[in-house]
Amino acid sequence: DVPVYSLKMFFDGFPWDRFKYIDYLKIDAQGSDLKILKSAGSYLRERVVYVTAEGDGNMYIGASECSNKNIISYMETQGFTRIHHPNTTDPTFVNKKYIEESKKIYIKQA
């Protein structure tokens with residue numbers, strides 16, 4: 001067992017007075033990516049431009065819900081569109097709210 005903090009808890013303490021939005025959120029959490037995305041509350045749709053997450057739940061015990069299909073479906077409910085970005089290999093999404101801002105942001109999946 002390890003202590004766990006939701007993404008919402010992280011964002012609740014984020015200095016939003018200094019930063020209008022998050023450019024890029026990359027998640028690689030061994031089958032927990034979808035749970036992490038869902039834990040963000042409204043912050044994803046309100047404050048994040050790009051997201052890349054891995055739908056590899058079939059590789060981990062108890063994580064079968066974390067599939068590309070389920071991640072895509074969830075991200076669409078949050079106002080994101082899936083894109084095929086030349087610098088990413090995992091499913092990547094752009095927030096429709098930040099389309100103009102996204103044109104000025106460089107992302108790369110490491």
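Details of the structure are given in the entry above.
Residues numbered from 1 in each chain as written. Predicted model: local features only at pLDDT ≥ 70, side-chain atom pairs only at ≥ 80, totals over all residues. Heavy atoms only, no water.

K.L.:
Quick question: what am I supposed to make of the packing of aromatic side chains here?
P.N.:
Here a ring pair, both rings aromatic, is described through the centre-centre distance and the interplanar angle of the planes. Per the stated rule, a full pass over the model turns up 8 aromatic pairs. Note on Phe-14 and Trp-16: the rings are 4.6 Å apart at their centroids and 55° apart in plane angle, and the pair reads as tilted. One exposure class covers both Phe-14 and Trp-16, and it is buried. Ring plane angle 45° and centroid distance 5.7 Å describe the contact between Phe-14 and Phe-19, whose orientation is recorded as tilted. Among the residues examined, Phe-19 registers a relative accessible area of 35% and is labelled partly exposed. An aromatic cluster of three or more residues is present, and its members are Phe-10, Phe-11, Phe-14, Trp-16, Phe-19 and Tyr-43. (Phe/Tyr/Trp six-rings, centres within 6.5 Å; stacked < 30°, edge-to-face > 60°. Buried < 20%, exposed > 50% of the residue type's maximum accessible area, 1.4 Å probe, protein only.)

K.L.:
Can you help me understand the pattern of salt bridges in this one?
P.N.:
For side chains of opposite charge, pairing can occur when their charged atoms come near one another. Counted according to the given criterion, the structure contains 5 salt bridges. When the shortest N-O distance is used, the salt bridge between Lys-38 and Glu-65 registers 3.0 Å. Placement of Lys-38 in helix α2 (residues 33–38) and of Glu-65 in the loop between β2 (48–53) and α4 (68–77) is noted, with a sequence separation of 27 residues between them. Judged by relative accessible area, Lys-38 falls into the partly exposed class, the value being 40%. Put simply, Glu-100 and Lys-103 hold a salt bridge, and the shortest N to O gap is 3.0 Å. Residue Glu-100 shares its accessibility class with Lys-103, and that shared class is exposed. Each of Lys-26, Glu-54 and Asp-90 takes part in salt bridges that share partners, so that together they form one network. (Salt bridge = Lys/Arg side-chain N within 4 Å of Asp/Glu carboxyl O. Helix = DSSP H or I, 4+ residues; strand = E, 2+ residues; numbered from the N terminus.)

K.L.:
Looking at this structure, I do not really get the sheet that holds strand β1 (residues 22–27). What am I missing?
P.N.:
Pairing between sheet strands relies on hydrogen bonds along the backbone, with the strands arranged either parallel or antiparallel. Taken in spatial order, the 4 strands line up as β1-β2-β4-β3 in an open sheet, and their pairing is mixed. The two strands at the open ends of the sheet, each matched to only one other strand, are β1 and β3 (80–83). The mean inter-strand angle of the sheet, taken between neighbouring strand axes irrespective of direction, is 20°. With 3 bridges connecting them, β2 and strand β4 (residues 92–95) associate as antiparallel partners. If you follow Thr-52 over to β4, its bridge partner there is Thr-92. (Pairing = 2+ DSSP bridges. Axes fitted to C-alpha atoms, helices over the stretch in contact; angles between N-to-C directions.)

K.L.:
In this structure, what is going on with the nonpolar core? I would like to understand it.
P.N.:
For soluble globular proteins, nonpolar side chains are generally found buried alongside one another. Ranked by size, the top nonpolar core spans 22 residues in total, and within it Phe-11, Leu-37, Leu-44, Val-48, Val-51, Ile-71 and Met-75 carry the most contacts. At the level of secondary structure, the elements contributing two or more residues to this core comprise α1 (7–12), β1, α2, α3 (43–47), β2 and α4. In this structure Leu-37 touches Ile-27, Leu-44, Val-51, Ala-53, Ile-71, Tyr-74 and Met-75, once residues within four positions along its chain are discounted. Grouped together as the second largest cluster of nonpolar side chains are 6 residues, Val-49, Tyr-50, Tyr-98 and Ile-105 included. (Core = buried A, V, L, I, M, F, W, Y, C linked by side-chain atoms within 4.5 Å. Contact = heavy atoms within 4.5 Å.)

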